[in-house]
Amino acid sequence: MSQMLERLFYSKVGQSVLSAVGMKPAPELQRYSEGSAWINGTLGLHKAASPALAHVLQLCDVDTEVVQANNRYNSLLVDASEFRTVSDLSELRVFFQQALSSLAPSAHVVILGLNPEQAQTVEQASVMTALNGFTRSLAKEVGRKGITANLIYCAGEPAAELCVPLMFMLSNRAAYISGQPLWLQSTHPTLENQPWQQPLKGKLALVTGAAQGIGAAIAQVLARDGATVIGLDIPPAKAQLEQTLAPLNGIAVATDITSEQVVADIENALAGRNLDIVVHNAGVTRDKTLAKMPEHFWDMTLNINLTAPMRITQALENNHSLSHDARVICISSISGLAGNVGQTNYSASKSGVAGYVREQAKLWQGTGKTINAIAPGFIETQMTDQIPFMTREMGRRMNSLSQGGKPQDVAEGVALFAQPGAVALNGQVLRVCGQSLIGA
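Here we summarise the structure given alongside this text. (Residues numbered from 1 in each chain as written. Predicted model: local features only at pLDDT ≥ 70, side-chain atom pairs only at ≥ 80, totals over all residues. Heavy atoms only, no water.)

## Notes on the overall build of the protein
Scanning the protein for helices and strands turns up 15 helices and 13 strands. A compact globule built from 440 residues should have a C-alpha radius of gyration of about 22 Å, and the protein, at 22 Å, falls within 12% of that. Here the C-alpha coordinates of the protein stretch approximately 60 × 55 × 40 Å along the principal axes. Buried positions account for 56% of the 440 residues belonging to the protein. Within the protein, residue pairs in contact and separated by at least 24 positions form 76% of the contacts whose partners lie at least 6 positions apart. Put simply, the protein shows about 19,000 Å² of open surface, and 52% of that area lies on carbon and sulfur atoms. Between the mean site of the 32 positive side-chain charges and the mean site of the 35 negative ones, the protein shows a separation of 8 Å. (Helix = DSSP H or I, 4+ residues; strand = E, 2+ residues; numbered from the N terminus. Rg over C-alpha atoms; globule rule 2.2 N^0.38 Å. Buried < 20%, exposed > 50% of the residue type's maximum accessible area, 1.4 Å probe, protein only. Contact = heavy atoms within 4.5 Å. Areas by Shrake-Rupley, 256 points an atom, 1.4 Å probe, with all protein chains shown as cover. Lys, Arg positive; Asp, Glu negative; His and termini not counted. Charge placed at Lys NZ, Arg CZ, Asp CG, Glu CD.)

Dropping the structure here:
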C-alpha cells in the first residue's frame, strides 16, 4: 500500500495535483560524478579578490571573474571577512539582489567571514556573527531552486587552509549541505600540486558498518578518492560486506565493534601499516518512549553508537596504529542535535558523539590529527524505506531543499574531513541535512 501511494504521489498526475495546491516538486540536485571538475565553469566573485584570497584561488586552480550581469554561474564566492561595521552588511543586500538571478539551478554560494573571536572590535564581532543568520536565511530562500549557501569562518585573512573546504562547498560534492558554517583553525597545509581527483591516494581507511547503506557509500567514495578501504561489519553481514568491498579491492573484517577482540581484529587487517582515516559509521536504533525503554535497548544503543567509537579510537592511538596526521570521522545525527520522541537512547548517543568530537579535538590540537563528525538528516536508505509513506514524505520535505538526501551526500562530507588538506577542520559537526527545519 505504501509503495503504491508513493508511485501515485510521484507520478505526473500526482505532481500536477500537488503543484495545483502550491506544493512544488523538489528541485533536482546536481551531484558530483567521478572525474568531474570540482567547480563547473567560472567562479563568480562579488568583487575583485584581495591579495590573500587571490593566492588561495590560485592554489585552487580555478577560473574566476567578478560577477557579470548577463552571465550564469554554478558557484559564487562572497568575501565578507573584511566587514567591520553594521553598515558594511548592506553590501550583501545590494550584491545579492542583483546576483541571485545569475545563479544556475543547483548552484553553490559560499560566504567568507572572520572568526568573531578574531575581531578587533565588539561591532566587528557582531557583524561577523550576523553573517551566520544571513547565510541560513539566504539558504532557505534559494533552496527551492536547489541552490545551497554556506559560510566559512577564517581564523585570519584567507590562507592556504581555506583551499580544500572552499572547493568542497563550491562543488557538487556539497549538493545536500546548506545553511551550515565551517570554522577553520590557523594551520599551514602543504597544498602545492594538490591531487584534486584523488586526494586520498595512498591512504588507508577503516569504515565500520560498511556492508550496506551509508557505510557502503562511504567506502565507495573513499576508494573513488584513492584510499585503500578496510570495511568492518558484524559477522552475520560478512557476505554482504565482502560483496560491497570486492569491486573496491577492499579488505573485509567481520567482527563486533563492542567485542573485546575488535581492536586486535582491526590491527591484524592493517598488516603493520598505520590507519590514516577512521570512520565510525556503525550504529543502531532501538526506539521506545522512555517509560517503556528496556534496559537492553538503552545499553545496546549507547554501547554501539558512543562507547565503541571512543574505545576503539583510544586503543588505536595507544597502540600507535594511527598515522601522525590521522583523520577520524564520526557519524552523529540531527536527532542527536534536536531530539526525537521515542529516541532518548539514540539521541543521547548521537549527541554524545558530537561532544566526544569536540573534546577529543582539543586534545589533538596542533598534533596533525583531526576528529570531526557528520550529522545526517533524512537520508534515503533501506531503513527509511520501512517508514510509512506519509511520515517518510514529511521527513523528506522538512528541509530547505524539499527532499531526502542520498548516502553519497554523507559520504562526500566524510571524504572532505578525510583529506590531508582539511587539517584546519577539527572538532566540527557538519550537518548533511539539506538544511533541516528541525535542529538546523
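## Brief notes about the environment of serine 101
Among the secondary structure elements, serine 101 is positioned in the loop between helix H4 (90–99) and strand S4 (103–114). According to the relative accessible area criterion, serine 101 is exposed, its value standing at 58%. Each C-alpha atom, one on serine 101 and one on alanine 69, is 8.8 Å from the other, the two residues being 32 residues apart in sequence.

## Things to note about the side chain of asparagine 305
Mapped onto the elements of the fold, asparagine 305 is located in helix H10 (residues 295–318). Within polar-contact distance, the side chain of asparagine 305 engages the backbone nitrogen of valine 284 at 2.9 Å. Once residues within four sequence positions are removed from consideration, asparagine 305 is found in contact with Ala282, Gly283, Val284, Tyr346, Ser349, Lys350 and Val353. (Polar contact = N/O pair within 3.5 Å; in protein donor to acceptor, adjacent residues only side chain to side chain.)

## Points about a positive patch on the surface
A contiguous patch of positive charge on the surface is contributed by Lys24, Arg72, Arg144 and Lys145. By the element assignment, lysine 145 lies in the loop between helix H5 (122–142) and strand S5 (148–154). The class of lysine 145 is partly exposed, set by a relative accessible area of 48%. (Patch = residues over 30% accessible without salt bridge, like charges linked within 9 Å, V, L, I, M, F, W, Y side chains within 5 Å. Salt bridge = Lys/Arg side-chain N within 4 Å of Asp/Glu carboxyl O.)

## Description of the sheet that holds strand S10 (residues 275–280)
Pairing is parallel across the open sheet formed by 7 strands, whose spatial order is S9-S8-S7-S10-S11-S12-S13. In the strand order of this sheet, the two ends are held by strand S9 (251–254) and strand S13 (429–432), each with one partner. In this sheet, neighbouring strand axes are inclined to one another by 20 degrees on average, regardless of whether the strands run parallel or antiparallel. Across 5 bridges, strand S7 (residues 204–208) lies against strand S8 (residues 228–233) in parallel orientation. Note that in S8 the partner of alanine 205 across the bridge is valine 229. Strands in contact with helix H8 (residues 238–245) are S8 and S9; relative to S9, the strand with the most contacts, it is inclined by about 165 degrees. Helix H15 (residues 407–418) rests against S10, strand S11 (322–331), strand S12 (370–376) and S13 of the sheet, and its axis sits at about 165 degrees to S12. (Pairing = 2+ DSSP bridges. Axes fitted to C-alpha atoms, helices over the stretch in contact; angles between N-to-C directions.)

## Comments concerning the packing of aromatic side chains
Within the structure shown, the criterion is met by 4 aromatic pairs. When the ring of tryptophan 38 is compared with that of tryptophan 196, the centres are 5.2 Å apart and the planes differ by 65 degrees; the resulting orientation is edge-to-face. Taken together, the residues span a long stretch of sequence, with tryptophan 38 in the loop between helix H2 (12–20) and strand S1 (43–45) and tryptophan 196 in the loop between strand S6 (181–183) and S7 at a distance of 158 residues. Like tryptophan 38, the residue tryptophan 196 is buried in the burial classification. Aromatic side chains phenylalanine 96 and phenylalanine 134 sit 5.7 Å apart centroid to centroid with 45 degrees between the ring planes, which places their arrangement in the tilted category. With phenylalanine 96 in helix H4 and phenylalanine 134 in helix H5, this residue pair connects regions lying 38 residues apart in the sequence. Residue classification places phenylalanine 96 among the buried residues on the basis of a relative accessible area of 4%. A relative accessible area of 27% means that phenylalanine 134 is categorised as partly exposed. One aromatic cluster in this structure is built from Phe95, Phe96 and Phe134. Positioned above the aromatic ring of tyrosine 32, the side-chain terminus of arginine 173 is 4.1 Å from the ring centre. (Phe/Tyr/Trp six-rings, centres within 6.5 Å; stacked < 30°, edge-to-face > 60°. Lys NZ or Arg CZ within 6 Å of the ring centre and 35° of its normal.)

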